[in-house]
Amino acid sequence: MASHLRLILIAISALLVAAVADHPRAVQAAAPPGYHVVVNPQNTAVSVERKFVSDAFLKKATRWPDGEPIRPVDQQPESPARARFSDEVVKRSVSAVKSYWQQLVFSGREIPPPELDTDEEVIRYVLRFPGAIGYVSGAASVDRVKVVTVK
């Protein structure tokens, strides 16, 4: 009888663990997002369209809706946050974005956003310029900047 009860308890425990693991909030709480899109705290945006952010990083869009110049800032090409951001927001691989910029630089039309080494450097850049937009790793402390939702 005790072994039968023990098997039932093990089965119930396994079901509970599986139910919690399958719940989206449980998975989200377990792993931080790959990146946060951040802007200067003075920026009035709360959410931005994915296309607008992509265009800003490709410098196809140059001003915020209030007229403030957009100042995008990238992370280094090796950054996992950059890889996720490029894939999900710009809809291009990091190497495709680098190729895009090589063509524009070679033709003398534009220069790419600055590439900074750390989340903290990106945050300092965003704090320095009212029109700045960047991204930091999901584990970065974002209490000094404004995180915006990308739709």
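Residues numbered from 1 in each chain as written. Predicted model: local features only at pLDDT ≥ 70, side-chain atom pairs only at ≥ 80, totals over all residues. Heavy atoms only, no water.

*Asks:* In this structure, what is going on with empty space enclosed by the protein? I would like to understand it.
*Replies:* Regions of empty space are outlined by a rolling probe, equal in size to a water molecule, passed over the atoms. Under the criterion given, the structure shown has one cavity of 30 Å³ or more. As a volume, the largest cavity reaches approximately 30 Å³. Looking at the largest cavity, the residues that line it are Phe57, Leu58, Asp74, Phe85, Ser86, Val90 and Val97. Tallying contributions element by element places helix H4 (residues 80-90) first for the lining of the largest cavity, with three residues. (1 Å grid on protein atoms, 1.4 Å probe; cavity = no way out; pocket = protein on both sides within 12 Å on 5 of 7 lines; lining within 4 Å. Points joined across faces, edges and corners; volume = space filled by probe spheres on them. Helix = DSSP H or I, 4+ residues; strand = E, 2+ residues; numbered from the N terminus.)

*Asks:* What is the right way to look at the side chain of Asp55 in this model?
*Replies:* Note that Asp55 resides in helix H3 (residues 50-57). Each residue touching Asp55, except ones within four places of it in the same chain, is listed here: Lys60 and Ala61. (Contact = heavy atoms within 4.5 Å.)

*Asks:* Explain the nonpolar core here, please?
*Replies:* Within the largest apolar cluster, 23 residues are counted, with the highest numbers of intra-cluster contacts made by Tyr35, Val53, Trp64, Phe85 and Ile133. Those elements that place two or more of their residues in this core are strand S1 (35-39), H3, H4, helix H5 (94-106) and strand S6 (132-137). Apart from the residues within four sequence positions on either side, Tyr35 is in contact with Ala81, Arg84, Phe85, Glu88, Val89, Tyr135, Val136, Ser137 and Gly138. The next biggest cluster of nonpolar side chains, apart from the first, holds 12 residues, and it includes Val38, Val73, Ile123 and Val136. (Core = buried A, V, L, I, M, F, W, Y, C linked by side-chain atoms within 4.5 Å. Buried < 20%, exposed > 50% of the residue type's maximum accessible area, 1.4 Å probe, protein only.)

*Asks:* What is the right way to read the sheet that holds strand S7 (residues 146-150) from this model?
*Replies:* Picture the strands of a sheet paired through backbone hydrogen bonds; they go either parallel or antiparallel. With respect to topology, five strands assemble into an open sheet ordered S2-S7-S1-S6-S3, the strand pairing being mixed. The strands lining the two open edges of the sheet, one partner per strand, are strand S2 (47-48) and strand S3 (71-72). As paired strands, S2 and S7 are joined by two bridges and run parallel to one another. Across the sheet, residue Ser47 finds its bridge partner in S7, namely Thr149. Sitting on the sheet, H3 is in contact with S2, S3, S6 and S7, with an inclination near 100 degrees to S6. (Pairing = 2+ DSSP bridges. Axes fitted to C-alpha atoms, helices over the stretch in contact; angles between N-to-C directions.)

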